[in-house]
Amino acid sequence: MEKLLHDRRLYAFLEQVDKDFASKVQGGRCEHCGAVLHRGDYDRKPRGGPSWDKRYSFCCSRDGCRKRTTPPSVRFLGRKVFVGIVVVLVSAMMHGASDARLQRLREVLPVDRRTLKRWRQWWTEIFVRCAFWKAERGRFGRRMAEERMPLELVEAFGAREIEGLLKLMRFLSPITTATCGRGAGM
């Protein structure tokens, strides 16, 4: 999984998927008043990946409404500082990790031990209780061991390879929006 974190092709695929999500949203109308949507991206400074400096977002063009619509993302996992695949893969690699492996991970990606602990807690205590997971867990042909999240998802999607990781990030993309992400945020 460590090799995936350095694969430039993966980052290009993730960027394209987010552009496609953004195009689909921008082609629609404001869900509150039906007006045209204008581009209004959020500035981002993510760690652990490419220098993606914008999270695609749109706002209503009508004065008095101006409500935001932010499409799902495969690059960002909510408001987390690190890019989504880092949160997913590093959290998965922590299962059964030796002290030496954790040290090597921290050398490659300077992630504080407390951050790793928060990520693990989020996956095993918050994510597994959110409405998204409760609705989607039935799609897997077996019971997923929630204490092994997100490793269970990595294995289920074959996310040790680029194609499987893209599928996993698309699966998780609904939790990156405010409407679905409530209760699943970090």
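Look up a bit, the structure's there.
Residues numbered from 1 in each chain as written. Predicted model: local features only at pLDDT ≥ 70, side-chain atom pairs only at ≥ 80, totals over all residues. Heavy atoms only, no water.

**Things to note about the packing of aromatic side chains**
Filter applied, for reference: Centre distance within 6.5 Å is the pairing criterion for rings of Phe, Tyr and Trp, where only the six-membered ring of Trp is used; planes under 30 degrees apart are then read as stacked, over 60 as edge-to-face, and the remainder as tilted. Burial status follows relative accessibility: with a 1.4 Å probe on protein chains alone, a residue under 20% of its type maximum counts as buried, one over 50% as exposed, and anything between as partly exposed. For a lysine, the NZ atom is tested; for an arginine, the CZ atom; a charge sits over a ring if that atom is within 6 Å of the ring centre and within 35 degrees of the ring normal.
Enumeration according to the criterion identifies 13 aromatic pairs in this entry. Look at F127 and F132: their rings are 6.4 Å apart centre to centre, the planes differ by 55°, and that puts the pair in the tilted class. For the pair formed by F127 and F132, the shared burial category is buried. Note on F127 and W133: the rings are 5.5 Å apart at their centroids and 35° apart in plane angle, and the pair reads as tilted. Accessibility classification places F127 together with W133 in one group, the buried group. Members of the aromatic cluster, joined through ring pairs, are W122, W123, F127, F132, W133, F140, F157 and F171. Directly above the ring of F76 sits R44, whose terminal nitrogen or CZ lies 4.4 Å from the centroid. A cation over a ring is seen here: R139 above F140, with NZ or CZ 5.9 Å from the ring centre.

**Quick look at the nonpolar core**
Rule in force here: Each nonpolar core is a collection of buried residues, namely Ala, Val, Leu, Ile, Met, Phe, Trp, Tyr and Cys, held together in the definition by side-chain atoms within 4.5 Å. Secondary structure follows DSSP: runs of H or I at least 4 residues long count as helices, runs of E at least 2 residues long count as strands, and numbering of each begins at the N terminus. Note on contacts: a residue pair qualifies if any of its non-hydrogen atoms lie within 4.5 Å across the two residues.
Of all hydrophobic cores here, the largest spans 51 residues; its most connected members are W123, F127, W133, L153, L168 and L172. Where this core is concerned, the elements lending two or more residues are α1 (8–26), α2 (84–93), α3 (99–108), α4 (113–126), α5 (131–136), α6 (151–157) and α7 (162–172). The element that contributes the greatest number of residues to this core is α2, accounting for eight residues. The residues touching W133, leaving out its near neighbours within four places in the chain, are F127, V128, F140, M144, E146, M149, L153 and F171.

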